[in-house]
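# Reading the structure
The lines below spell out each chain.
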Number of protein chains: 2
Amino acid sequence: MRALVTNDDGIHAPGLRVLRERLARDWDVRVVAPDRERSAVAHGITLHQPLRIFTVDLDNGHPGISVSGTPADCVKLAVLELLDFRPDIVFSGINPGPNVGVNLNYSGTVSAAREAAILGIPAIAVSVCSPEARHFEAAAECAALLGAKVLEHGLPRGTFLNVNVPDGDRGEIRGVKISRQGGARLEEAFHKRFDPRNLVYYWQGSETHLFGEDPEEDGVAVREGYISVTPVRCDMTEYALLEDLASWEIGW
Amino acid sequence: MRALVTNDDGIHAPGLRVLRERLARDWDVRVVAPDRERSAVAHGITLHQPLRIFTVDLDNGHPGISVSGTPADCVKLAVLELLDFRPDIVFSGINPGPNVGVNLNYSGTVSAAREAAILGIPAIAVSVCSPEARHFEAAAECAALLGAKVLEHGLPRGTFLNVNVPDGDRGEIRGVKISRQGGARLEEAFHKRFDPRNLVYYWQGSETHLFGEDPEEDGVAVREGYISVTPVRCDMTEYALLEDLASWEIGW
């Protein structure tokens, strides 16, 4: 089986290294990842600039391809141009930091998995759900186990998995919870400051607050010591509203 | 009623000007928009840089605030810091170009509306669904009509409207269709080229292909001469998969 690995922290990030090493035990693994940190770029793609690629040495002489673009660019370019095969599965991560709740909108890690799903390839986004993430090994093991299950069962077209793992050793993690995207959100505040010329600037807070009490929520599951696995859909339509909207007299 | 207007084409874009002028007939309108073109940045936000703001003169001396960030940054900063009121509604646009199908992932225009919905404010993203969009007036009129209806009926929390208008005068447009996100997608190809030093680069195609035959799809509705109005949800969970995943023996 052949896997593409990418991330949003850049091709030399430690989370990607641990993930690649673990997956390489089971699969033929190729790495195509951004040439630098690109977190919070969401599902952005590069249309107004060319993309440059370079072959880089990863750990133990393993080669990877760095791309001067976003995580979504990496997946598109890898699948459509760079790889000499179509991957059976795409992994994105391991992201150091929570990708739960509202962060699914902002996350480059999650968007790489979504881009794979759009291209019809099963995908898993993996994060260690702590801003000081240190334990990538348990998350990598979880990714490998889940990847095997995804290849066994398949995923419906237009869906992928978003996985958040507590920051601990395997023995400290209580198990796996299938969860829904919850109410966790980024710190909703800008710090207003003045530069050396006394001109104002704003800097956005970025701490993730794990709100919510419902154990079915992604952030709550992790807070309680579980690996959170959320099935994500690409179709954004709110079907429940179609009928209601059709009854509006818009007056065109 | 008070409206915030933003876009992803930059504060001086003609689509924003036409929209602001039309909405100002009915509402107190404030403009907070990116200082430059930021299309295809999706729902990216700026965490690693400060944001600078400047007051700029729009048409007829109307002031606006430009922000050195993304469309989502503009909405967050406007609502949390810059405005002296909470807007009743947020409009994003008018985007020249289709925001249908897969483009909902990449679009800064759509993401600004999504950010408003996340903040609990009703929102409408408006695009003229043609790469050579020339007729913003009909789209602005449609935005004003729909905005009034949204304020009358409300929208469920965590939802917003994505509107695509044919590129024509009002009389040429056949009506309004409530639609779902369809199968339209960006050109799936990279142009491989060589720079003056004979080094390879890739440039992503960006033409939108309006695939699909189902008249309930956004792109098809516009192709047939209708305004497409799609209700979009912020919750990305694929609920239909929760039970199935719970039956997997992941083996942790």
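Residues numbered from 1 in each chain as written. Chains lettered and ligands numbered in written order. Predicted model: local features only at pLDDT ≥ 70, side-chain atom pairs only at ≥ 80, totals over all residues. Heavy atoms only, no water.

Another point: the overall build of chain A. Helix and strand counts for chain A stand at seven helices and 13 strands. Against the compact-globule benchmark of 18 Å for 252 residues, chain A has a radius of gyration of 19 Å, which places it among compact chains. In terms of overall dimensions, chain A has C-alpha extents of about 60 × 55 × 45 Å along its principal axes. Residues classed as buried in chain A amount to 63% of the 252 residues present. The distance from the centre of the 25 positive side-chain charges to the centre of the 36 negative ones in chain A is 3 Å. (Helix = DSSP H or I, 4+ residues; strand = E, 2+ residues; numbered from the N terminus. Rg over C-alpha atoms; globule rule 2.2 N^0.38 Å. Buried < 20%, exposed > 50% of the residue type's maximum accessible area, 1.4 Å probe, protein only. Lys, Arg positive; Asp, Glu negative; His and termini not counted. Charge placed at Lys NZ, Arg CZ, Asp CG, Glu CD.)

All names here are of chain A. For the pair helix H1 (residues 14-23) and helix H5 (residues 136-153), the least separation of the axes is 9 Å and the interaxial angle reads 45°. By the angle between their directions, the pair H1 and H5 is classed as oblique. The handedness of the crossing between H1 and H5 is right-handed. Side by side, H1 and H5 meet where Pro-14, Gly-15, Val-18, Leu-19, Arg-22 and Leu-23 of the first sit next to Phe-136, Glu-137, Ala-140, Glu-141, Ala-143 and Ala-144 of the second. (Axes fitted to C-alpha atoms, helices over the stretch in contact; angles between N-to-C directions. Parallel < 35°, antiparallel > 145°, perpendicular 65-115°, else oblique. Left-handed = near helix turned anticlockwise from the far one by under 90°. Contact = heavy atoms within 4.5 Å.)

In this section: the relation of the copies chain A and chain B. Mapping chain A onto chain B is achieved by rotating through 180° and translating by 0.0 Å along the same axis, at an RMSD of 0.0 Å. Taken together, the rotation and translation describe the operation of a two-fold axis. Interface overlap between copies: 100% of the residues of chain A at the interface are likewise at the interface in chain B, consistent with a symmetric, same-surface contact. (Least-squares fit on C-alpha atoms with pLDDT ≥ 70 in both.)

A common measure of how large an interface is: the accessible area buried when the components associate. Taken together, the contacts link 84 residues of chain A with 85 residues of chain B. The junction of chain A with chain B conceals about 7,700 Å² of combined surface from both sides, 67% of it contributed by carbon and sulfur atoms. Interface area lost by chain A to chain B is led by Met236(A), Trp248(A) and Trp252(A), which between them contribute 13%. In this assembly, chain A and chain B are joined by three salt bridges. (Buried area = accessible area lost by both parts, 1.4 Å probe. Salt bridge = Lys/Arg side-chain N within 4 Å of Asp/Glu carboxyl O.)

Here we take up the sheet that holds strand S6 (residues 123-128) of chain A. Residues and elements named next belong to chain A. Taken together, nine strands build an open sheet; the order of strands is S3-S4-S2-S1-S5-S6-S7-S13-S8 and the sheet is mixed. A strand with exactly one partner marks an edge of an open sheet, and here the two such strands are strand S3 (53-57) and strand S8 (175-178). Strand after strand, the sheet turns through a mean of 25° between neighbouring axes, direction not considered. In this structure, S3 lies alongside strand S4 (residues 63-67), joined through five bridges in antiparallel fashion. The residue bridging Ile-53 from the neighbouring strand is Val-67, located in S4. Packing against the sheet, helix H2 (residues 71-82) makes contact with strand S1 (2-6), strand S2 (28-34), S3, S4 and strand S5 (89-96), and its axis sits at approximately 130° to S2. Against the sheet, helix H4 (residues 108-118) touches S1, S5, S6 and strand S7 (159-165), its axis set at about 170° to S6. (Pairing = 2+ DSSP bridges.)

Functional significance is not addressed by these values, which are geometric in nature.
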